[in-house]
Amino acid sequence: MTTKLVVGLDGHETGERALAYAQNLAGLIGDCEILVAYIIEWSPYSFQTAEENAVRHKRREEEISTAKERIINPAIKKLSDAGVKTEGIVRHGDVATALNDISKENNAQQIVVARSSAGGFTKRIFGSATSNLVMSASVPVTVVA
């Protein structure tokens, strides 16, 4: 049975560390597939006109395309070149919820993320995506420093 790992990328060096950790783990496991995911923070809770919604939809599609090009595709290439089975996923939504949903939809055994780079006032008030994921995930979460 193939072990599946979900790796949450953030487009920064921290995400690269999570990816490297998962790649190493996949090598130890053997029959392993890594699902690299990038979540674009987005809230559906806003009130807009039909015209604004059409523009928003186009912008969402552009964001997904950009995320695939700049973050997901390079990660897939890196893993594929190393002989690791991989797939890429980009979604809009709450990071913790989306990563957990991806893990459930794909029957993943674990989620790998990096420690949040956010700090200061924002983190104290709202918490971090990493903290929220650890508290709510359906599968074990490994947080890479």
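Quick caveat, the model's predicted, so the values are computed rather than measured. (Residues numbered from 1 in each chain as written. Predicted model: local features only at pLDDT ≥ 70, side-chain atom pairs only at ≥ 80, totals over all residues. Heavy atoms only, no water.)

Trainee: Looking at this model, I keep getting lost on the overall build of the protein. Mind explaining?
Mentor: If you tally the helices and strands in the protein, you get five helices and five strands. For the protein, the α and β elements follow one another from N to C terminus as β-α-β-α-β-α-β-α-α-β. Buried positions account for 38% of the 145 residues belonging to the protein. At a minimum sequence separation of 6, the contacts of the protein that also span at least 24 residues come to 75%. About 8,400 Å² of surface is accessible on the protein, with carbon and sulfur atoms providing 52% of the total. (Helix = DSSP H or I, 4+ residues; strand = E, 2+ residues; numbered from the N terminus. Buried < 20%, exposed > 50% of the residue type's maximum accessible area, 1.4 Å probe, protein only. Contact = heavy atoms within 4.5 Å. Areas by Shrake-Rupley, 256 points an atom, 1.4 Å probe, with all protein chains shown as cover.)

Trainee: Is there a simple way to explain the sheet that holds strand 2 (residues 32-40) in this structure?
Mentor: Spatially, 3-2-1-4-5 is the arrangement adopted by the five strands of the open sheet, whose pairing is parallel. At either margin of the open sheet sits one strand with a lone partner, and together these are strand 3 (85-92) and strand 5 (141-144). On average, each strand axis in the sheet is inclined to that of its neighbour by 20°, with strand direction left out of account. Note: strand 4 (residues 110-114) against strand 5, four bridges, orientation parallel. Following the sheet pairing, isoleucine 111 is matched in strand 5 by valine 141. (Pairing = 2+ DSSP bridges. Axes fitted to C-alpha atoms, helices over the stretch in contact; angles between N-to-C directions.)

Trainee: So what exactly am I meant to see when it comes to the side chain of threonine 3 here?
Mentor: In this structure, threonine 3 sits in strand 1 (residues 3-9). A residue is classified by how much of its surface remains accessible, and threonine 3, at 19% relative accessible area, is buried. Ignoring any residue separated from it by four or fewer positions in sequence, one finds threonine 3 in contact with Ile29, Asp31, Cys32, Glu33 and Gln109.

Trainee: Whenever I open this one, the pairing of strand 4 confuses me. Can you help?
Mentor: In the case of a regular strand, side chains alternate between the two sheet surfaces. Within strand 4, five of the five residues are buried, leaving the element largely enclosed by the surrounding structure. Every second residue of strand 4 is oriented toward a common face, with Gln110, Val112 and Ala114 on one face and Ile111 and Val113 on the other, all of them buried. Of the strand pairs in this sheet, strand 1 and strand 4 are connected by three bridges, and their pairing is parallel. From the neighbouring strand, leucine 5 faces strand 4, where its bridge partner is glutamine 110.

Trainee: Got a minute to help me understand the nonpolar core in this structure?
Mentor: Counting 24 residues, the largest nonpolar core has Val7, Leu9, Leu19, Ile34, Val36, Tyr38 and Val90 as its most contacted members. For this core, the secondary structure elements donating two or more residues are strand 1, helix 1 (13-29), strand 2, helix 2 (50-81) and strand 4. If we ignore the near neighbours within four places in the chain, the residues touching valine 7 are Ala18, Leu19, Ala22, Ile34, Leu35, Val36, Ala37 and Val112. Counting 15 residues, the second largest nonpolar core, distinct from the first, contains Ile39, Ile89, Val95 and Leu99. (Core = buried A, V, L, I, M, F, W, Y, C linked by side-chain atoms within 4.5 Å.)

Trainee: What am I meant to see in the environment of isoleucine 39 here?
Mentor: With respect to the secondary-structure elements, isoleucine 39 resides in strand 2. A relative accessible area of 8% places isoleucine 39 in the buried class. Excluding anything up to four places from it in sequence, isoleucine 39 contacts Arg91, His92, Gly93, Asp94, Val95, Ala98, Leu99 and Ile102.

Trainee: Which parts of the structure should I look at to understand the confidence of the model for the protein?
Mentor: Detailed reading of the predicted coordinates is not advisable wherever pLDDT falls low. Confidence in the prediction of the protein, expressed as mean pLDDT, is 88, and 88% of residues score 70 or more. Mean pLDDT across the elements of the protein bottoms out in helix 4 (residues 120-126) (45) and peaks in strand 1 (97). (pLDDT = per-residue confidence, 0-100.)

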